[in-house]
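What follows is each chain in one-letter form.
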Amino acid sequence: MKKNISIIGVPMDLGQTRRGVDMGPSAIRYAGVVERLEDLNYNIEDLGDIEIGSREKDTSPESNLKNLKAVAEASETLATKVDKVVRNGDFPLVLGGDHSIAIGTIAGLAKHYSNMGVIWYDAHGDLNTGETSPSGNIHGMPLAVSLGLGNPVLTSIGGYQNKIKPENIVIIGARSLDDGEKEVIKEKGIKVFTMHEIDRMGMATVMEEAISYLKEKGTDGVHLSLDLDGLDPHDAPGVGTPVLGGISYRESHLAMEMLEEANILTSAEFVEVNPILDERNKTATVAVALMGSLFGEKLL
């Protein structure tokens, strides 16, 4: 990976209704992310947090999307920041914040790649639209938006549509999918490794297949979007939408280690750390530990 890492904090809690995830970037910094990566001989530039607008009182009946204007504005700001980091030749590391921030991250990234791949490490598919979402929470929609599905205010972030191709996506750890998301997965042919596959095949085989799959697709860059609720709540309790039966702490380290060895990642984001729901900053500490493995930390 590139030795220069630019950290961008996105204190966003507008993509869902549970408060506290806006403190995620601060919690991750407090858990020592800068020091951890500097110890691995990376040059770290912390660009601080982007400004986030206010929570909106009313949900538009036409869109069924909560805080649409504020989320869109933050996504544009983030896309611009990420775009600049990539143009400078550095590795963007984005800290969330709820998973709606991936709309801006991917919008800033994808214009630099003709065939970008995405690893979506998450309990959820995040493939809802305003029509299929039971809640209207945009943090359940960023992968759909990046595919060009959903409200045009969101799909046009960054000034262009269809940031990624469905065949270049790998979802890992899914165990809670809405009916509309299942239809999108089947219709678009999205590669998914559910918890069933992880249990049956083992994480090593899952990651080998995921990495091989993206290489075979000829991807010229790969983005990791890691939602801490992909892990089991026992290991990562400080998340807004915990789902029992998730990926273990050790399995997640193995996944990160294998991604580092494959040397395919060009960007990453870690999202949904909510200190209010956490236990002594445990989830942020887990996030930083996983970043250590992702960037080459070894036991020996």
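None of these values were measured; they are calculated from a predicted model.

Observations concerning the overall build of the chain
1) Next: Helix and strand content of the chain: 11 helices and 8 strands.
2) Next: Relative to a compact globule of 300 residues, whose C-alpha radius of gyration would be 19 Å, the chain shows 17 Å and is just as compact.
3) Next: If you line up the chain on its principal axes, its C-alpha atoms span 55 × 40 × 40 Å.
4) Next: Relative to its 300 residues, the chain shows a buried fraction of 60%.
5) Next: For the chain, the accessible surface area stands at approximately 11900 Å², while carbon and sulfur atoms represent 48% of it.
6) Next: In the chain, 28 positive and 45 negative side-chain charges are present, and the distance between their average locations comes to 2 Å.

Here we look at the pattern of salt bridges
1) Next: Taken as a whole and assessed by the stated rule, the structure comprises 9 salt bridges.
2) Next: Residues participating in the shared-partner salt-bridge network are Asp 13, Arg 19 and Arg 55.

A short note on the side chain of His 99
1) Next: Structurally, the position occupied by His 99 is in the loop between β3 (91-96) and α4 (102-110).
2) Next: According to the relative accessible area criterion, His 99 is buried, its value standing at 0%.
3) Next: One polar contact links His 99 to Ser 225, side chain to side chain, over a distance of 2.7 Å.
4) Next: A polar contact of 3.3 Å, which involves the side chain of His 99, links it to the side chain of Asp 227.
5) Next: Setting aside residues up to four positions removed in sequence, His 99 forms contacts with Trp 120, Asp 122, Asp 126, His 139, Pro 142, Ser 225, Asp 227, Glu 269, Val 271 and Glu 272.

Things to note about the layout of surface pockets
1) Next: When its volume is computed, the largest pocket comes out at roughly 310 Å³.
2) Next: Lining the largest pocket are 21 residues, and of these His 124, Ser 135, His 139, Gly 140 and Thr 241 sit closest to its centre.

Topic: helix α7 (residues 179-188)
1) Next: When α7 is considered as a whole, its buried residues turn out to be Gly 180, Glu 181, Val 184 and Ile 185. Looking straight down α7, one finds that the buried residues subtend no more than 140° of arc, so they occupy a single side. In α7, those exposed residues whose orientation departs by more than 90 degrees from the buried face are Asp 179, Glu 183, Lys 186 and Glu 187.
2) Next: Lining the buried residues of α7 we find β6 (191-194).
3) Next: Just beyond α7, the residue with positive phi is Gly 189, at close to 70°.

As for the packing of helix α9 (residues 203-216) against helix α10 (residues 249-262)
1) Next: Interhelical geometry of α9 versus α10 gives an angle of 35° and a closest axis separation of 10 Å. Considering only the axes of α9 and α10, their crossing is right-handed. Contact residues: Met 203, Ala 204, Met 207, Glu 208, Ile 211 and Lys 215 in α9; Glu 251, Leu 254, Ala 255, Met 258, Leu 259 and Ala 262 in α10.
2) Next: Of the residues assigned to the contact of α9 with α10, the class counts are 9 nonpolar, no polar and 3 charged.

Some words on empty space enclosed by the protein
1) Next: One pass over the full model with this rule turns up 1 cavity of 30 Å³ or more.
2) Next: Approximately 30 Å³ is the volume attributed to the largest cavity.
3) Next: Every residue lining the largest cavity is listed: Ile 103, Ile 106, Ala 107, Val 145, Ser 146, Leu 154, Ile 157 and Lys 163.
4) Next: Counting residues per element, the ones that place at least two in the lining of the largest cavity are α4 and α5 (142-146).
5) Next: It is α4 that provides the largest number of residues to the lining of the largest cavity, a total of 3 residues.
6) Next: Of the residues that constitute the lining of the largest cavity, the class distribution is 6 nonpolar, 1 polar and 1 charged.

Digging into the packing of aromatic side chains
1) Next: One pass over the structure, following the stated rule, counts 2 aromatic pairs.
2) Next: Consider the rings of Tyr 42 and Phe 295, whose centres lie 5.4 Å apart with planes at 80°: the pair is edge-to-face. Here Tyr 42 is found in the loop between α2 (33-38) and β2 (43-49), whereas its partner Phe 295 is found in the segment after α11 (282-294), with 253 residues between them in sequence. When sorted by exposure, Tyr 42 lands in the same class as Phe 295, which is buried.
3) Next: Ring centres 5.3 Å apart and planes at 80° place the aromatic pair Phe 91 and Phe 295 in the edge-to-face group. With Phe 91 in strand β3 and Phe 295 in the segment after α11, this residue pair connects regions lying 204 residues apart in the sequence.
4) Next: Positioned above the aromatic ring of Tyr 42 is the side chain of Lys 3, whose terminal nitrogen or guanidinium carbon lies 3.9 Å from the ring centre.

Structural notes on the pairing of β3
1) Next: Burial runs high along β3: 6 of the 6 residues are buried.
2) Next: The two faces of β3 match: Phe 91, Leu 93 and Leu 95 on one face and Pro 92, Val 94 and Gly 96 on the other face are all buried.
3) Next: Here strand β1 (residues 4-10) runs beside β3; their pairing, made up of 6 bridges, is parallel. Note on β3: the bridge partner recorded for Gly 9 is Leu 95.
4) Next: With 3 bridges joining them, β3 and strand β8 (residues 265-271) adopt parallel strand pairing. Considered in β8, the bridge of Leu 95 is made with Phe 270.

Thresholds, definitions, all that
- Residues numbered from 1 in each chain as written.
- Predicted model: local features only at pLDDT ≥ 70, side-chain atom pairs only at ≥ 80, totals over all residues.
- Heavy atoms only, no water.
- Helix = DSSP H or I, 4+ residues; strand = E, 2+ residues; numbered from the N terminus.
- Rg over C-alpha atoms; globule rule 2.2 N^0.38 Å.
- Buried < 20%, exposed > 50% of the residue type's maximum accessible area, 1.4 Å probe, protein only.
- Areas by Shrake-Rupley, 256 points an atom, 1.4 Å probe, with all protein chains shown as cover.
- Lys, Arg positive; Asp, Glu negative; His and termini not counted.
- Charge placed at Lys NZ, Arg CZ, Asp CG, Glu CD.
- Salt bridge = Lys/Arg side-chain N within 4 Å of Asp/Glu carboxyl O.
- Polar contact = N/O pair within 3.5 Å; in protein donor to acceptor, adjacent residues only side chain to side chain.
- Contact = heavy atoms within 4.5 Å.
- 1 Å grid on protein atoms, 1.4 Å probe; cavity = no way out; pocket = protein on both sides within 12 Å on 5 of 7 lines; lining within 4 Å.
- Points joined across faces, edges and corners; volume = space filled by probe spheres on them.
- Arc of directions from axis to C-beta.
- Axes fitted to C-alpha atoms, helices over the stretch in contact; angles between N-to-C directions.
- Left-handed = near helix turned anticlockwise from the far one by under 90°.
- Nonpolar A, V, L, I, M, F, W, Y, C, P; charged D, E, K, R; others polar.
- Phe/Tyr/Trp six-rings, centres within 6.5 Å; stacked < 30°, edge-to-face > 60°.
- Lys NZ or Arg CZ within 6 Å of the ring centre and 35° of its normal.
- Pairing = 2+ DSSP bridges.

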